[in-house]
Amino acid sequence: MGKKPPSVNNLALSLQNSGIPHELLVEQARSAIAAGDWENIEERVEHLQRSFIQPVVNATGVLLHTNLGRASWESPESNFSSNIEFDLASGNRGSRQTGIGNLFAQLCGAESAMVVNNCSSAVLLVLSALASGKGVAISRSELVEIGGSFRVPEILELSGANLVEVGTTNKTRLVDYQKAIDAHRDVAMSLKVHQSNYKIVGFTEEATVEELTSLDLPLVVDIGSGLLDSSCPWLSSGPPKWLAGEPAAKQTLLGGADLVTFSCDKLLGGPQAGIIAGKSDLIEKCLRHPFARVLRPGSHTLLSLQELAMRYLHRDGDGIPFWKMASLGLEELRIRAERMNAGEIVSVDSIPGGGTLPTVVIPSIGLKFSGDRSSELRRGFNGGLPIIARVSDGDTYLDFRTVDPAHDEMIANALGNLD
Ligand SMILES: *Cc1c(COP(=O)(O)O)cnc(C)c1O
């Protein structure tokens with residue numbers, strides 16, 4: 001030290017090749033000089049660079065990684081106007097929900113469907129529209145928290161509905177619902193929530209969707225993960241084994257549910273959004289509630305979802321990155337791993353993620369490197385994307401199932417340059 005600091009402006013100008021806007025560089029330069037740390041300005045700029053949202057390579061083996069944006073899905077062409085609320089036939093105002101709602105109704109075997117920002121929004125809207133000021137019967141085993149701040153009792157409270165707890169933590173039978181409903185005069189609906197990423201095992205019992213239809217109340221099922229149909233007609237090889245037990249929209253509605261709610265970026269494999277599907281009169285109530293406007297998605301999301309719906313309708317599972325990844329064969333993965341010419345080829349377990357049970361795994365092939373190399377890989381090599389690996393027992397693993405093959409060469413370069 002002891003050297004005279006450069007001017008803020010000159011220091012900022014010296015970094016303009018970073019592509020970062022000048023006024024942000026000025027900010028960095030100013031704080032670096034104030035801290036007497038201007039010689040390390042490049043580190044600060046790199047830190048800033050890394051705070052921007054950018055594509056990364058998901059080599060973690062978690063297919064639906066919440067921190068990496070859940071399902072890998074393309075973004076639609078930007079920079080367009082669309083007929084999102086314009087009826088091309090009449091030239092009059094249209095609804096953003098009609099077209100997309102019809103596609104998802106078709107896919108779920110429902111009368112009607114609508115789209116909101118995520119599954120939490122879907123549950124909040126349904127509860128607000130159907131049960132505000134009234135009771136909602138729900139099993140004590142389903143008062144769950146799912147990832148961060150989605151907690152069933154809190155969403156219920158927020159909607160203005162009253163929680164009517166049913167049964168016990170491990171056992172809830174149909175008669176328990178009947179008892180609870182008889183004891184509270186004003187129960188408007190029953191809600192069944194998929195426990196998603198946790199499970200109670202052992203001495204347990206729950207009332208099925210089919211049983212709950214006998215209650216003579218609207219039955220809403222929050223299935224969460226967005227599997228459309230348990231027979232997976234979009235996969236030529238049929239439903240994979242690891243899916244067993246995952247509730248599907250179509251079968252839940254066939255079983256007698258009046259509405260289902262689910263996320264679009266979990267097993268559905270699309271962008272962040274939420275779907276409500278089922279009986280037309282109930283969807284109509286949801287559409288008319290003021291929250292429908294508060295929670296409505298924009299045209300980019302809807303266009304993207306429409307593209308996803310079309311691929312499902314074409315039964316094109318290979319065109320949906322999540323299902324393509326989930327269906328990759330071990331031989332194919334092994335060949336890709338071998339081509340890297342680095343590390344040790346090992347068997348690993350991919351994890352579906354996104355609310356499926358953590359014990360559910362898909363056998364996969366990866367590369368193992370001794371020691372924790374995750375931070376080097378996160379830097380990317382020579383302008384390549386950051387590579388997110390999995391560190392387990394102090395060693396580093398790259399699982400090729402979750403990696404887009406288009407990135408293999410870039411990864412090979414990065415691996416060839418590991419120290
Ligand atoms: C994941 C999940 C949610 C929350 O969905 P988001 O789309 O993340 O808002 C709600 N209910 C269930 C059962 C879930 O699995």
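**Some points on the environment of Arg311**
When you line up the elements, Arg311 lands in helix H12 (residues 299-313). C-alpha separation for the pair Arg311 and Arg50, spaced 261 residues apart in sequence, amounts to 34 Å. Those residues in contact with Arg311 that lie beyond four places of it in its chain are Trp73, Glu74, Asp316, Gly319 and Ile320.

**Things to note about the sheet that holds strand E13 (residues 362-369)**
An order of E2-E12-E13-E16-E15 is seen for the five strands of this open sheet, with the pairing classed as mixed. This sheet does not close on itself; its edge strands, each paired only once, are strand E2 (62-64) and strand E15 (390-392). Mean inter-strand twist for the sheet, computed between neighbouring axes without regard to direction, equals 40 degrees. Bridging between E13 and strand E16 (residues 395-399) involves four bridges; their strand directions are antiparallel. Of the residues in E16, the one forming a bridge with Lys368 is Tyr397. Of the strands in this sheet, strand E12 (344-353) and E13 are in contact with helix H14 (residues 330-339), which crosses E13 at around 10 degrees.

**Considering the state of the cysteines**
As enumerated under the stated definition, the model contains zero disulfides in all. Here Cys108 is not disulfide-linked; the sulfur of Cys264 is the nearest cysteine sulfur, at 9.4 Å. This cysteine, Cys286, is not joined by any disulfide, and Cys119 carries the nearest cysteine sulfur, 13 Å off.

**Quick notes on the pattern of salt bridges**
With the rule as written, the count across this model stands at 22 salt bridges. Because the salt bridges share partners, they merge into one network encompassing Glu85, Arg93, Arg96 and Arg296.

Rules used in this analysis
Within every chain, residues take consecutive numbers counted from 1 along the sequence as written. Selection of residues for local features in this predicted model requires a pLDDT of at least 70, selection of side-chain atom pairs for listing and counting requires 80 or more, and totals for whole chains, interfaces and linings are taken over all residues. Side-chain calculation: all heavy atoms of the structure are included, whereas hydrogens and water are not. Only DSSP runs of H or I covering at least 4 residues are called helices, and only runs of E covering at least 2 are called strands; the numbering of each starts at the N terminus. Note on definitions: a residue-residue contact is assigned when non-hydrogen atoms from the two residues lie within 4.5 Å. A pair of strands is treated as paired once DSSP finds two or more bridges between them. Note on geometry: axes are C-alpha line fits, over the in-contact stretch for helices, and angles between N-to-C directions span 0 to 180 degrees. Here, two cysteine sulfur atoms that lie within 2.5 Å of each other are counted as a disulfide. Salt bridges are defined by distance alone: a side-chain nitrogen of Lys or Arg within 4 Å of a carboxyl oxygen of Asp or Glu.

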